[in-house]
Amino acid sequence: MAVHRINLSAVIIPALVIFMSGQAGNTNNSISDTDPVIQYYLDQTGKIFGEHYLFGQNIKYSVEMRAIYEQTDYRGEMQKLDTAVYRMYCDGSRRDSTVIIDSAGAKENSLPETFDFPRPWNKDYQYYFYPNDTGAGLLAIGFVEKKADSTAPITGFININRDDFYLIDIFYHDPSPQGLFRRSERLHFRRLTDYIILDFYSIQIIERNLLGWRYFSCEFEFIEYQLNSD
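Residues numbered from 1 in each chain as written. Predicted model: local features only at pLDDT ≥ 70, side-chain atom pairs only at ≥ 80, totals over all residues. Heavy atoms only, no water.

Peer 1: Tell me about the environment of D169, residues and numbers included.
Peer 2: Among the secondary structure elements, D169 is positioned in strand β7 (residues 167-175). Measuring from C-alpha to C-alpha, the distance between D169 and L198 comes to 9.7 Å, with 29 residues separating the pair along the chain. Sequence-distant contacts of D169, defined by excluding residues within four places in its chain, comprise F157, I158, N159, R186, L187, H188 and F189. For D169, the side chain forms a polar contact with the side chain of R186, separated by 2.8 Å. At 2.9 Å, the side chain of D169 forms a polar contact with the side chain of H188. (Helix = DSSP H or I, 4+ residues; strand = E, 2+ residues; numbered from the N terminus. Contact = heavy atoms within 4.5 Å. Polar contact = N/O pair within 3.5 Å; in protein donor to acceptor, adjacent residues only side chain to side chain.)

Peer 1: Describe the sheet that holds strand β6 (residues 155-161), naming the residues involved and giving the relevant values.
Peer 2: If you walk across this open sheet you meet the 10 strands as β3-β2-β1-β10-β9-β8-β7-β6-β5-β4, and the pairing is antiparallel. The sheet is open, and its two edges are formed by β3 (94-102) and β4 (125-129), each paired on a single side. Looking at each pair of strands side by side, their axes are set apart by 20° on average, direction ignored. Judged from the five bridges that link them, β4 and strand β5 (residues 138-145) form a sheet pairing that is antiparallel. Residue F129 lies in a different strand from β5, and its bridge partner there is I141. Those strands touched by helix α2 (residues 36-52) are β4, β5, β6, β7, β8 (181-192) and β9 (195-209), and its axis lies near 105° from that of β4. (Pairing = 2+ DSSP bridges. Axes fitted to C-alpha atoms, helices over the stretch in contact; angles between N-to-C directions.)

Peer 1: Describe in detail the pattern of salt bridges, supporting the description with residues and values.
Peer 2: All chains considered together, the criterion is met by 13 salt bridges. A salt bridge links R94 to D91; the nearest nitrogen and oxygen atoms lie 3.2 Å apart. Residue R94 is classed as partly exposed on the basis of its relative accessible area of 47%. Two residues, R183 and E185, come together in a salt bridge whose shortest N-O distance is 2.7 Å. Judged by relative accessible area, which is 15%, E185 ranks as buried. Look at the salt bridges and you will find they share partners, linking E64, R87 and E224 into a network. (Salt bridge = Lys/Arg side-chain N within 4 Å of Asp/Glu carboxyl O. Buried < 20%, exposed > 50% of the residue type's maximum accessible area, 1.4 Å probe, protein only.)

Laid out in structure tokens, this is it:
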């Protein structure tokens, strides 16, 4: 499986720069609530995803996962690093049991209760195409949370296959109203037989304290899926 690691400085900091400079909302007036082309792609993406996302199907399966937790201080120095390996047994979207293959030493390095997530195409967002779209196979659709009174809306984008509407990536950036806590998430998907499976999931957090900024990273690599043939 290809590992899709994300460097904190390469992903979160540019996202913060874009947000803080106001560029996230500057789309040359291409944001539209009712653009029929955008809505068509969103509808088709949601339909295909709902029909093929493994975590939502009526099937039993297991997946081996590697969880990596990193914590750095405001100087960029590593404070904590922990790796764990699990095999998770699921029935549809429900996690039945988990086997620890390699024990986690840090309490922060644990599996989420669920790998379900908000669907950007079902939210009250403004959507837009990017002006540098070349018309190639990968189509990016940006979104901005509709909060007229908010200076810190959720922003992000999805990447889909332009031809068959299969979801490839989701990226979220969620700044707090106080500006003391920022959270970014990235989900990468791939196909397994007729299913869409989660391949990589990362959570990047920036937190401000008296000594400055602290950075936290939780990454989940989905190494091997096994589908139950019963």
